[in-house]
Amino acid sequence: MNEFNFSNLKDKVCVITGGAGVIGTAMCESLAAVGIRLAIIDLNEELSRKLAENLSTKYHTKCLGLAANVLEKESLEAAKAIINEKLGEVDFLINGAGGNSPQATTAVEQMDEGDLDQLEKTFFGLQTVGFDKVFALNFTGTLLPSIVFARDMAERKEGVIINISSMNSYRPLTKIPAYSAAKASINNFTQWLSVHLAKVGVRVNAIAPGFFLTNQNRFLLTDEKTGEPTPRGLKIISSTPMGKYGEPEDLQGTLLFLLSDLSRFVTGVIIPVDGGYSAYGGV
Ligand code: NAD
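### What to know about the site of the ligand
In step 1: The full set close to the ligand counts 26 residues, and Ile23, Asp42, Tyr179, Phe212 and Thr214 are the nearest of them.
In step 2: A distance of 2.8 Å is found between a nitrogen atom of the ligand and a side-chain nitrogen or oxygen belonging to Asn69.
In step 3: With respect to the ligand, the backbone of Gly96 contributes an N or O atom lying 3.1 Å from an oxygen atom.
In step 4: Protein chains bury 89% of the 830 Å² of accessible surface belonging to the ligand in isolation.
In step 5: Of all elements in the fold, only helix H1 (22-33) and helix H5 (177-197) reach the threshold of two or more residues within the shell around the ligand.
In step 6: Split into classes, the residues belonging to the shell around the ligand amount to twelve nonpolar, twelve polar and two charged.

Below, the structure is given as structure tokens:
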């Protein structure tokens with residue numbers, strides 16, 4: 001028989017990477033609220049420590065803010081040693097660090113004849129350095145923490161990994177070829193790892209958020225000077241049947257469901273939380 005609440009999550013140990021970011025912060029709030037012990041990993045040590053302190057005080061659960069780089073295995077292993085000592089063995093991992101880079105973004109959505117004189121605005125002006133960065137952060141930045149933190153789970157034959165995908169993983173969005181391909185790789189890896197770890201009791205799923213106005217996409221969706229939505233921002237709203245951007249808090253219910261035993265037979269899925277964007281054909 002299931003427990004129809006999240007009480008069995010209390011005192012579980014969860015590592016969240018990129019936990020001090022916009023979406024990470026909302027996720028951390030819900031995790032702490034149900035009594036999960038949190039290890040908030042982020043490049044930004046000050047933010048992750050402050051968040052951990054605030055959540056510990058507010059929800060009376062142990063929270064640690066740690067600086068670590070998801071691209072450096074040694075730094076993740078050093079963080080794991082501290083987490084194991086201060087919080088216990090790891091039950092859950094949320095791979096939240098990720099994002100796009102302006103260096104892997106074209107200035108125009110579709111190339112036309114006029115752009116032949118200004119190739120720097122098109123696909124032909126992109127540099128591989130931008131692709132390398134975006135692939136590293138999103139793919140390698142999910143792979144390495146999974147290698148480091150899922151070991152505790154496999155050994156105890158119990159655990160959950162949640163990756164963060166995106167709408168662009170299903171069909172690429174214009175302008176952001178590297179980010180789209182990198183998030184597609186997250187869906188594929190989520191399925192692969194779910195199969196690989198199924199018999200050692202570790203479930204692996206992903207959440208694909210729709211459109212949330214955050215630091216990494218603000219430059220594409222709002223005019224820097226006026227704060228008004230760009231044509232791209234307006235297009236997103238009109239392509240989202242619910243007619244608005246998501247709030248980071250909209251991800252909390254799906255997150256807790258995927259961590260809890262209520263989803264104990266769910267593995268290898270990518271759940272869109274998108275106000276209907278992925279269901280809508282535009283007409
Ligand atoms: P954000 O930039 O606010 O947060 C990302 C956090 O990751 C930051 O705190 C940053 O310091 C940290 N980080 C970056 N590189 C790191 C590294 N190498 N090691 C450790 N930490 C690192 O971004 P966000 O909007 O909260 O996005 C979180 C996740 O959600 C990302 O995977 C993003 O791709 C995904 N996502 C966001 C949206 C959206 O609309 N914002 C939509 C779909 C998916």
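### Re the layout of surface pockets
In step 1: In this model, the second largest pocket occupies a volume close to 400 Å³.
In step 2: What lines the second largest pocket is a set of 17 residues, among which Pro172, Leu173, Phe211, Ser239 and Tyr277 lie closest to the centre.
In step 3: Of the residues that constitute the lining of the second largest pocket, the class distribution is eight nonpolar, five polar and four charged.

### Observations concerning the pairing of strand S1 (residues 13-17)
In step 1: In terms of residue burial, S1 counts as a mostly covered element, since five of its five residues are buried.
In step 2: Burial along S1 is two-sided: the residues Val13, Val15 and Thr17 and Cys14 and Ile16 are all buried.
In step 3: Direction of pairing for S1 relative to strand S2 (residues 37-42): parallel, over a ladder of five bridges. When the sheet's bridge partners are listed, Val15 is paired in S2 with Ala39.
In step 4: One crossover worth recording links S1 to the parallel S2 by way of H1, and it is right-handed.

### Let's talk about helix H3 (residues 73-86)
In step 1: Taking 1.5 Å of rise per residue, 14 residues should cover 20 Å, and H3 covers 20 Å from first to last C-alpha, within 8% of that figure.
In step 2: For H3, the set of buried residues is Leu76, Ala79, Lys80 and Ile83. Down the axis of H3, the smallest arc covering the buried residues is 110 degrees, so these residues share one side. H3 presents Glu74 and Glu85 as exposed residues on the side facing more than 90 degrees away from its buried surface.
In step 3: On its buried side, H3 packs onto S1, S2, strand S3 (63-67) and helix H4 (128-156).
In step 4: Downstream of H3 by one or two residues, Gly88 has phi in the positive range, about 120 degrees.

### Notes on the packing of H3 against H4
In step 1: Orientation of H3 relative to H4, taken along the N-to-C sense of each, is 25 degrees, at an axis distance of 9 Å. Relative to H4, H3 is oriented roughly parallel. By crossing handedness, the relation of H3 to H4 is classed as right-handed. Residues Lys73, Leu76, Glu77, Lys80, Ile83 and Asn84 of H3 touch H4, and the partners they reach there are Leu144, Pro145, Ile147, Val148, Phe149, Arg151 and Asp152.
In step 2: For the contact of H3 with H4, the per-class residue count stands at seven nonpolar, one polar and five charged.

### A few points about the packing of H4 against H5
In step 1: The contact between H4 and H5 brings their axes to 8 Å, and the two run at 20 degrees. In terms of axis orientation, H4 runs roughly parallel to H5. In terms of crossing hand, the pair formed by H4 and H5 is right-handed. Contact with H4, carried on its side by Phe131, Val134, Phe135, Asn138, Phe139, Thr142, Leu143 and Ser146, involves Pro177, Ala178, Tyr179, Ala181, Ala182, Lys183, Ser185, Ile186, Phe189 and Leu193 of H5 and no other residues of that element.
In step 2: Grouping the constituent residues of the contact of H4 with H5 by class yields 13 nonpolar, four polar and one charged.

Thresholds applied
- In every chain, residue numbers begin from 1 and rise along the written sequence.
- Reporting of local features is limited, given that this is a predicted model, to residues whose pLDDT is at least 70; pairs of side-chain atoms are given and counted only at 80 or more, and all residues count toward the totals for whole chains, interfaces and linings.
- Side-chain metrics rest on all non-hydrogen atoms present in the structure, leaving aside hydrogens and water.
- Note on definitions. A residue lies near a molecule or strand when any single heavy atom of the residue is within 4 Å of it.
- By the criterion applied in these results, polar contacts are pairs of N or O atoms within 3.5 Å in which, for protein atoms, one can donate a hydrogen and the other can accept it, and in which residues neighboring in sequence qualify only through two side-chain atoms.
- Each accessible area value is a Shrake-Rupley result obtained with a 1.4 Å probe; residue values ignore everything except the protein chains displayed when judging cover.
- Helix and strand definitions follow DSSP, with helices as H or I runs of at least four residues and strands as E runs of at least two, each counted in order from the N terminus.
- Three classes are used, and their members are as follows: Ala, Val, Leu, Ile, Met, Phe, Trp, Tyr, Cys and Pro are nonpolar, Asp, Glu, Lys and Arg are charged, and the others, Gly among them, are polar.
- Both site types are read off a 1 Å grid over the protein atoms alone. A 1.4 Å probe that fits but cannot get out defines a cavity, while an open set with protein on both sides within 12 Å along at least five of seven lines defines a pocket; lining residues have an atom within 4 Å of a point.
- Grid points are joined across faces, edges and corners, and a volume is the space filled by probe spheres set on the points.
- A simple rule labels every residue: compare its accessible area, found with a 1.4 Å probe on the protein chains alone, to the largest value its type can have, and call it buried under 20%, exposed over 50%, or partly exposed in between.
- Between any two strands, at least two bridges found by DSSP are needed for them to pair.
- We call a crossover right-handed when, viewed with the strands running away from us, the connection from the first strand over the helix to the second turns clockwise.
- Helix span, as expected, comes to 1.5 Å for every residue beyond the first.
- What the arc covers is the set of directions going from the helix axis to the C-beta atoms.
- We call two residues in contact whenever any of their non-hydrogen atoms come within 4.5 Å of each other.
- Only the stretch in contact is used when fitting a helix axis, every axis being a line fitted to C-alpha atoms; angles between N-to-C directions are given from 0 to 180 degrees.
- Should an angle fall under 35 degrees it is called roughly parallel, over 145 degrees roughly antiparallel, and 65 to 115 degrees roughly perpendicular, with every other angle called oblique.
- Note on convention: the crossing is left-handed when the near helix lies turned anticlockwise from the far helix by less than a right angle, right-handed when the turn is clockwise.

Worth remembering: the numbers are spatial, not functional.
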